[in-house]
Amino acid sequence: MQPFAEKLRLAGEDFKRRALDVLQVNLGRYCNLACIHCHVESGPTRKEMMSRENVDAVLRFLARTDIPTLDITGGAPEFHRDFSYLVASARQLGRRVMDRCNLTVIFEPGMEYLPEFFRKQQVELVCSLPCYSEENVDKQRGRGTFESSIRALQLLNEQGYGKTGDTLVLNLVYNPVGPHLPPPQEKLEAEYRRILGQQFGIVFNRLFCLSNMPITRYATHLKLRGEYDDYRELLAAHFNAGTLDQVMCRNLISIGWDGSVYDCDFNQMLDLPLSDGAGERLTIAALSLESVVKRPIIAGDHCYACTAGSGSSCGGALV
Ligand code: SF4
Ligand code: SF4
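None of the values given here were measured: they were computed from a predicted structure. (Residues numbered from 1 in each chain as written. Chains lettered and ligands numbered in written order. Predicted model: local features only at pLDDT ≥ 70, side-chain atom pairs only at ≥ 80, totals over all residues. Heavy atoms only, no water.)

**Q** Before we go on, may I ask you to explain the pairing of strand 7 (residues 252-255) in this structure?
**A** Regular strands place their side chains on alternate faces of the sheet. Judged by which residues are buried, strand 7 turns out to be covered on both faces: Leu252 and Ser254 on one side and Ile253 and Ile255 on the other are all buried. Hairpin remark: strand 7 followed by strand 8 (residues 261-262), antiparallel, with 5 residues in the connecting loop; positive phi at Gly259, about 90°. (Buried < 20%, exposed > 50% of the residue type's maximum accessible area, 1.4 Å probe, protein only. Helix = DSSP H or I, 4+ residues; strand = E, 2+ residues; numbered from the N terminus. Pairing = 2+ DSSP bridges.)

**Q** How should the pattern of salt bridges be read in this particular structure?
**A** Pairing is possible between side chains that carry opposite charge, provided their charged atoms lie close to one another. Scanning all chains against the criterion turns up 17 salt bridges. A salt bridge links Asp271 to Arg281, with the nearest nitrogen and oxygen atoms 2.7 Å apart. Note that Asp271 is positioned in the loop between helix 10 (265-269) and helix 11 (304-307) and Arg281 in the loop between helix 10 and helix 11, a separation of 10 residues in sequence. Classification of Asp271 by relative accessible area gives partly exposed; the value is 44%. When salt bridges that share partners are traced, they join Arg52, Asp56 and Asp82 into one network. (Salt bridge = Lys/Arg side-chain N within 4 Å of Asp/Glu carboxyl O.)

**Q** Help me understand the sheet that holds strand 7 in this model?
**A** The strands making up a sheet associate through backbone hydrogen bonding, with each pair oriented either parallel or antiparallel. The 8 strands lie next to each other as 6-5-4-3-2-1-7-8, forming an open sheet whose pairing is mixed. What marks the edges here is a single partner per strand, and that holds for strand 6 (207-209) and strand 8. Here 2 bridges tie strand 7 to strand 8, and the two strands are oriented antiparallel to one another. By the bridge assignment, Ser254 is partnered in strand 8 with Tyr262.

**Q** Explain the packing of aromatic side chains here, please?
**A** Two descriptors summarise a pair of aromatic rings, namely the distance from one centre to the other and the angle between the planes of the rings. On inspection of all chains with the given rule, the structure shows 12 aromatic pairs. Ring geometry for Tyr132 against Tyr192: centres 5.3 Å apart, planes inclined by 75°, an arrangement best described as edge-to-face. Taken together, the residues Tyr132 in the loop between strand 4 (124-128) and helix 5 (134-141) and Tyr192 in helix 7 (residues 185-200) connect sequence positions 60 residues apart. With a relative accessible area of 0%, Tyr192 lands in the buried category. What links up through ring pairs into an aromatic cluster is the set Phe4, Phe15, Phe239 and Tyr304. Positioned over the ring face of Tyr85 is Arg52, at 3.6 Å from the centre of the ring. Positioned above the aromatic ring of Phe107 is the side chain of Arg151, whose terminal nitrogen or guanidinium carbon lies 4.2 Å from the ring centre. (Phe/Tyr/Trp six-rings, centres within 6.5 Å; stacked < 30°, edge-to-face > 60°. Lys NZ or Arg CZ within 6 Å of the ring centre and 35° of its normal.)

**Q** How should I be thinking about helix 8 (residues 216-224) in this particular structure?
**A** Along an α-helix, residues three or four apart share an orientation, since each turn contains 3.6 residues. By the burial criterion, the buried members of helix 8 are Thr216, Tyr218, Ala219 and Leu222. End-on, the buried residues of helix 8 take up no more than an arc of 155°, which puts them together on one face. Packing partners of the buried residues in helix 8 comprise helix 9 (228-237) and helix 10. A positive backbone phi angle near 70° is found at Gly226, which sits one or two residues after helix 8. (Arc of directions from axis to C-beta. Contact = heavy atoms within 4.5 Å.)

**Q** Sorry if this is basic, but what is going on with the packing of helix 2 (residues 52-63) against helix 3 (residues 83-92) here?
**A** When two helices pack together, their arrangement is given by the angle between the helix axes and the distance between those axes. Where helix 2 contacts helix 3, the two axes come as close as 10 Å, and the packing angle between them is 15°. With respect to each other, helix 2 and helix 3 are oriented roughly parallel. Judged by the twist between their axes, the crossing of helix 2 over helix 3 is right-handed. Residues Arg52, Val55, Asp56, Val58, Leu59 and Leu62 of helix 2 lie in contact with helix 3, whose contacting residues are Tyr85, Leu86, Ser89 and Ala90. By residue class, the composition of the contact of helix 2 with helix 3 is 7 nonpolar, 1 polar and 2 charged. (Axes fitted to C-alpha atoms, helices over the stretch in contact; angles between N-to-C directions. Parallel < 35°, antiparallel > 145°, perpendicular 65-115°, else oblique. Left-handed = near helix turned anticlockwise from the far one by under 90°. Nonpolar A, V, L, I, M, F, W, Y, C, P; charged D, E, K, R; others polar.)

Written out as structure tokens, the structure reads:
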């Protein structure tokens, strides 16, 4: 496999962050699910959670910049005790707030308030639903996940989510169940719309197609099945230089639960932090915009997962 760095060189790409439009914050690793494709290696036994000090540092950073979007992720970020505080404070600052929601969290004890809270705060929801088939979803995410995801989507629709218009946005996320590239996004979105509409009366705004990242838990899963090398080769063989301009690290930074700063969520999981000239980690508490904009991105062979085929980012296909 040709190193990704070599592809960048051949493409003549100056791989730097262009601007900072999205501040992505990983509130912690705890999750009520433990999906096999999870690059965060989240699950019910994980304990890492962002401190209140770092949550406040995120809000201070937002307040002293004009970054339009706060993108909250985890684990299942809604379990964090400061989740609603972070959302409401960012909304008061006039920012668009996105929550990466696994849907099933809504039925966990103490979480019943979420659908109404989301509506009142006009939180944009990005919800994983890796297939419209129960068998495929339960295979990837655990038994019963499909059924509770469908019930959650129906509840969100009742709150007014997923209708046309740009308030109460409900986007869904597909990722392949096996080690292959996602199908064309538009075609699959039409299929999701038809099947979820006909069978369950569900409506949504957009479908995002993501590639699975062969790192951490998913890498282990692939290795156990003898599929790791082939999947990595497949991603590299489908490298598309046309995606390089749009990958999410071009206009996003990712903040870890401990306040460290990364080019993206994947680099966070691979422990590739941004550091200063002395090799010290940058932290959200002392971060300046100048230290991350126009800065070279730490790329590696894992970047093939973002740049294969139509490309893949937190907002779906790129080209
Ligand atoms: S729901 Fe999301 S965070 Fe939780 S285990 Fe699955 S992929 Fe990971
Ligand atoms: S994995 Fe690589 S290409 Fe993808 S967002 Fe991160 S740094 Fe950018």
